[in-house]
Amino acid sequence: MNQTLSSSSPSPSALAVALAQHQAGDLAAAEHAYRRMLADMAAVDAMEQAELLHLLGTLLVQTGRSGEGANFLREAVALVPDRANSWSNLSQALLKTGDGLAALAAAREAHRLDGNADNTLNLGLALDAAGHPRQAIEALSAVLQHNRATSAAWINLLQILMRQGRHDEAARLAATAAAGCPDKPDVIVVAAQALYNEDRNDEAALLCRKTMAAGISSPKLMATYGIALVEGGHIDDARSWLMAAAAQNPQDPEIMSALATTLLSAGELKQGFVGYEARLAHSALGKARASLPNSRRWRGEPLEGQTLSILAEQGLGDSLQFLRFAPALLARGAHEVQWEMNPRLFRIAATLGKYHALKGLKFVAPRAARGTRYFTHLMSLPALLGITSEADIRALPSPPYLQAEDELVSLWKERLERQIPQDSGSRPRIGLAWQGNPNYGGDRKRSLPLSALSPLADRASLLALQQGKGIEARADWLTRPDADVDAGEDGFVDTAALMANCDLVITSCTSIAHLAGALGRPVWIALAYSPDWRWQLGRTDSPWYPTARLFRQPRPGDWGSVIAAMGTALDAGEWRLG
């Protein structure tokens, strides 16, 4: 924290001793002394009282008690409102409690009183937390104009730019950030992330390697080097570095999650799924709740006669893929399984019952499960159910485990015959999807522009299956259904019927890929050079979806080669094989 231990008012000897203890790191003794002096308010004037409140509040924030510390700092600024460093430390305390708006008000007051670089930095952090990224970028840039060696400014500036989708700007600044703070591994980590987010994987790896060769390292930097190697396709070397990072800091959930997804990409399912539990401790869990009140986390105990909640996490595709685990839970004798998912999936998910007995399975909205003895998270099911090999996956309900509704299949068949008649000869009808959810961090690598698919137009009749973002894209060679698709409360039911009327589905790595696979429809999936872990590496098939065929970028960003390979396969009539 800024200027945390300075004493600006005349201090009695007891305060001087406490301050020395604080500066020396004897925080317990310093706290005891501060509290003892505050207990005798009559012995000190307002300035000294504010000093004590400031120092105690700062100490409490330093020791992880930010809420209590903020209360003391509020008292300090109430007594002496023109003290900038108390306002600044109050802002930092409020940031740690998650009160971004109050933090911003405090930071603005600190900056008004003293616009130095430290207070400008705090203002930038508070602006970001309060939802003003553009102004935050301006404030952090001003700090760096004053001093390019300010590591916190670089870290936060690059992170904000990446969150705002300004990846090219972040990558352009990466070298400058590294040059300004060559001995700060946390800056090198964020700079490398900015580079590999732009597919500058070799540069990211080189930056990490050069830094570590200079004797500057940390577990996070080692892990970042490993991730850069993964992104560059060097999976064996990546695994070694990630394992070394995990050995040094096994408590870091981001490192452990990165190692787990790397192992899963390499097909090492047993270690990968067990390690993937680390995601529960960090941001990969997203907005999902961490636990269920009055319920115990299920760790594989017998389920005979018991109740279990499956808590939602991640995306629609994950829900569709992992629905196959529901029969296995019911087969263990569970009396009731409350399965959280987006309500728009309820109707398509219910078609699982056409293939399997689902007595006791209840679909509920996210955060709606309650009252069960046990709970677990959706993506924890493979580890809990002992998925250690492809043979274990094949032992699960195999696609098709979902089904298009007969009435909708007939309805869309009539409509499509008017729009895009199915050629009984050599020209297939192909459903296309190209864009995933843009809120997913890796979407810019997995999604492709509609224009990239244009070489397929001479080879097939192409039908848009795109959902959500990307649906606004237009092309004269692409037919759009002449009625609204999945416009009501139920998602994917029309799309499933459209797929049933297509010879083939071609899609990027989106929920459409999982729907087609779960329906058992022939699907060709266009994959980024370093794709999501579930597609593994270097293979053209998927153990999760037998009717899927994988087409991979030969180099980062090269969608042209992917579509060319699909075109060649279409010319050879391989669409008839799925």
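Note that this is a predicted model, so its numbers are computed, not measured. (Residues numbered from 1 in each chain as written. Predicted model: local features only at pLDDT ≥ 70, side-chain atom pairs only at ≥ 80, totals over all residues. Heavy atoms only, no water.)

A. Molecular detail of helix α10 (residues 167–180). In a regular helix each residue adds 1.5 Å, so 14 residues correspond to 20 Å; α10 covers 20 Å between its end C-alpha atoms and thus fits that length. Largest kink in α10: about 35 degrees, centred on Ala-174. Every buried residue of α10 is listed here: His-167, Ala-170, Ala-171, Ala-174, Ala-177 and Ala-178. Check the buried side of α10 and you find it contacts α9 (151–163), α11 (185–197), α12 (201–213) and α23 (443–446). (Helix = DSSP H or I, 4+ residues; strand = E, 2+ residues; numbered from the N terminus. Expected span 1.5 Å × (residues − 1). Bend = angle between axes of the 7 residues up to and from the residue. Buried < 20%, exposed > 50% of the residue type's maximum accessible area, 1.4 Å probe, protein only. Contact = heavy atoms within 4.5 Å.)

B. Just the side chain of Gln-338, in detail. In this fold, Gln-338 is placed in strand β3 (residues 336–340). Apart from the residues within four sequence positions on either side, Gln-338 is in contact with Leu-308, Ser-309, Ile-310, Lys-362, Val-364, Ala-368, Ala-369, Arg-370 and Thr-372.

C. A look at the environment of Asn-89. Assignment of secondary structure puts Asn-89 in helix α5 (residues 84–97). Among the residues examined, Asn-89 registers a relative accessible area of 0% and is labelled buried. Taking C-alpha positions, Asn-89 is 8.4 Å from Ala-70, a pair spaced 19 residues apart along the chain. Here the side chain of Asn-89 touches Thr-58 through a polar contact of 3.1 Å, side chain to side chain. (Polar contact = N/O pair within 3.5 Å; in protein donor to acceptor, adjacent residues only side chain to side chain.)

D. The pattern of salt bridges, seen in detail. Tallying each qualifying case throughout the model produces 34 salt bridges. A salt bridge links Glu-313 to Arg-279, with the nearest nitrogen and oxygen atoms 2.7 Å apart. Placement of the pair is Glu-313 in the loop between β2 (307–311) and α17 (316–322) and Arg-279 in the loop between α16 (269–275) and β1 (296–297), with a sequence separation of 34 residues. Taking relative accessible area as the criterion, Arg-279 reaches 0% and is therefore assigned buried. (Salt bridge = Lys/Arg side-chain N within 4 Å of Asp/Glu carboxyl O.)

E. Quick look at the packing of helix α2 (residues 27–38) against helix α3 (residues 46–62). At a minimum axis separation of 10 Å, α2 and α3 run at an interaxial angle of 145 degrees. The chirality of how α2 crosses α3 is left-handed. On α3, the residues that touch Leu-27, Ala-30, Glu-31, Tyr-34, Arg-35, Met-37 and Leu-38 of α2 are Gln-49, Leu-52, Leu-53, Leu-55, Leu-56, Leu-59 and Leu-60. Of the residues that constitute the contact of α2 with α3, the class distribution is eleven nonpolar, one polar and two charged. (Axes fitted to C-alpha atoms, helices over the stretch in contact; angles between N-to-C directions. Left-handed = near helix turned anticlockwise from the far one by under 90°. Nonpolar A, V, L, I, M, F, W, Y, C, P; charged D, E, K, R; others polar.)

F. Fine view of the sheet that holds strand β8 (residues 478–479). In space, the six strands of this open sheet follow the order β8-β7-β6-β9-β10-β11, with parallel pairing throughout. With partners counted over all chains shown, the strands left at the sheet margins are β8 and β11 (548–552), one partner each. Note: strand β7 (residues 461–464) against β8, two bridges, orientation parallel. Across the sheet, the residue bridging to Leu-462 is Leu-478, located in β8. Across the sheet, helix α26 (residues 559–571) touches β6 (429–433), β9 (504–508), β10 (523–527) and β11, and the angle it forms with β10 is around 160 degrees. (Pairing = 2+ DSSP bridges.)

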